[in-house]
Amino acid sequence: MLSVPDRACYNVGAMTIHQETKHKVDLLSLTLPEMEGWLRERGEEPYRARQLYSWLYRQLATDFATMSNLPRGLRQKLEEEACIGPVVVRSEQHSKDDRTRKILLELADGKLIEAVLMLYPPLGESSARATVCVSSQAGCAFGCTFCATGQMGFDRHLSAGEIVAQVLHFARELRADPWRAAGLPGSKTIDHITNIVLMGMGEPLHNYDNLLKALRILNSAEGFQLGARHMTVSTVGLVPAIRRLSQEPLQVNLAISLHAPSDELRGQTMPINRKYPLKELLAACQDYITATGRQVTFEYVLLAGVNDTPAHAQQLAELLTPLKQFAHVNCIPVNATGADYRPPGPDAIRAFRSVLFERGVSNSVRAERGDDIAAACGQLRTRFEERRKQKALAPQG
Ligand code: SF4
């Protein structure tokens, strides 16, 4: 349940965004060559694109007026014809420990999506991380029963710019107010985004072209410079798209939302399993591993009494054994705010994992976080829309 109030709602009307951006090009949707072409068409020197890219992705600028090395005429043109990620924060929540920050963004056409910033203190050899969980679609067509987004249905794909805008929002926030892990003396402040995971609303590989374009923009050496190995694409298991991804030069990480060790069980919660059953999915993963030499992470949401017994762990180990050290299982106790499912207790989680360890399957458990702000995807939007409906139905005083 929510234990902190929504805060920092920005007071910009949706109609304002619609009217202002309707005929404008979103610069965050353009790769550098596209931006060069766009400027050339307007009689500008293509090298201006590099300057503009630097303002957008290094200075994290949101206002053309601040772009001091661009001529006044160009700034004026940009003001009239372009915009920078036309999204508005409708609601924002921070967990009590301030390590999970969730925003609800309204897009230019009024659609609502969520994005989450997760801050991790340094652990052992690894330094602190700031990871953005990014949405790739408004709504989702795949209807997984444990997922709030899945119950909304599909609205539309996000543009590359709308995907990039989510990351830049949090990048600006951290730049303005760097974070340091409280109670860890000596830990350094972190002022930039270190990782992104495509695990927000929607199925990223269903929006393949826009997704890949957004990742290339964020990866660009002239721009945001986020390393491909710091990007994780999580899929419900779209087999042809997994094969396509394996041929991309961009070396992003692949995660599969597995959640069940048998077709029978998976089909009950994930309708996609009827189209691409486990045999086909695992074959695509094997091909991906062969083509890339990279490990695949299997996300496994633990649902008490549904898929969390040692027998399920045995089945899971059997399924993944052929992938050898290239398979890693990430056990995720289901978010307690979900209406129909409960997370297993610590003993059940330990028993599940020890079966995997005994069978040589590498695994970890995702630390629970953000429960107090309903961090599972789709929940903030659902709440916001319920509130909006209630407001609309309430008698006007
Ligand atoms: S888990 Fe992912 S693929 Fe399944 S319904 Fe939710 S957003 Fe869609």
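Residues numbered from 1 in each chain as written. Predicted model: local features only at pLDDT ≥ 70, side-chain atom pairs only at ≥ 80, totals over all residues.

Where strand β3 (residues 88–94) lies against strand β4 (residues 100–106), six bridges are found, and the strand directions are antiparallel. Considered in β4, the bridge of Ser 91 is made with Leu 104. Counted between consecutive antiparallel strands, the loop separating β3 from β4 contains five residues, among which Asp 98 sits at a positive phi close to 65°. (Pairing = 2+ DSSP bridges. Helix = DSSP H or I, 4+ residues; strand = E, 2+ residues; numbered from the N terminus.)

Another aspect to go through is the packing of helix α5 (residues 160–176) against helix α6 (residues 208–219). Helix packing for two helices is described by the angle between their axes and how far apart those axes are. In the contact formed by α5 and α6, the axes pass within 8 Å of each other and the chain directions differ by 45°. Here α5 lies oblique to α6, going by the angle between them. Regarding α5 and α6, the two cross each other, and that crossing is right-handed. Facing Ala 160, Ile 163, Val 164 and Val 167 of α5, the residues of α6 in contact are Asn 210, Leu 211, Lys 213, Ala 214, Ile 217 and Leu 218. Each residue belonging to the contact of α5 with α6 can be placed in one class, and the counts come to eight nonpolar, one polar and one charged. (Axes fitted to C-alpha atoms, helices over the stretch in contact; angles between N-to-C directions. Parallel < 35°, antiparallel > 145°, perpendicular 65-115°, else oblique. Left-handed = near helix turned anticlockwise from the far one by under 90°. Contact = placed C-beta atoms within 7 Å. Nonpolar A, V, L, I, M, F, W, Y, C, P; charged D, E, K, R; others polar.)

Chain-level statistics for the protein chain give a pLDDT mean of 89 and a share of 87% at 70 or above. Across residues 1–16, where pLDDT falls below 50, the model places 24 contacts with residues more than four positions away in sequence or in other chains. (pLDDT = per-residue confidence, 0-100.)

We now examine the sheet that holds strand β10 (residues 231–235). By way of backbone hydrogen bonds, the strands of a sheet pair with one another, either parallel or antiparallel. Taken together, ten strands build an open sheet; the order of strands is β3-β4-β5-β6-β9-β10-β11-β12-β13-β14 and the sheet is mixed. Edge positions in the open sheet fall to β3 and β14 (362–365), since each of these has one partner strand only. Taken pair by pair, the neighbouring strands of this sheet meet at an average axis angle of 20°, ignoring direction. Along the sheet face, helix α12 (residues 346–358) touches β12 (296–302), β13 (327–333) and β14 and points at about 175° away from the line of β13.

So, on to the environment of Gly 161. Within the secondary structure layout, Gly 161 lies in helix α5. Taking the number of C-beta atoms within 10 Å as the measure of exposure, Gly 161 has 25 and is therefore buried. Separated by 130 residues in sequence, Gly 161 and Thr 31 have C-alpha atoms that sit 9.9 Å apart. (Buried ≥ 20, exposed ≤ 12 C-beta atoms within 10 Å, placed from the backbone.)

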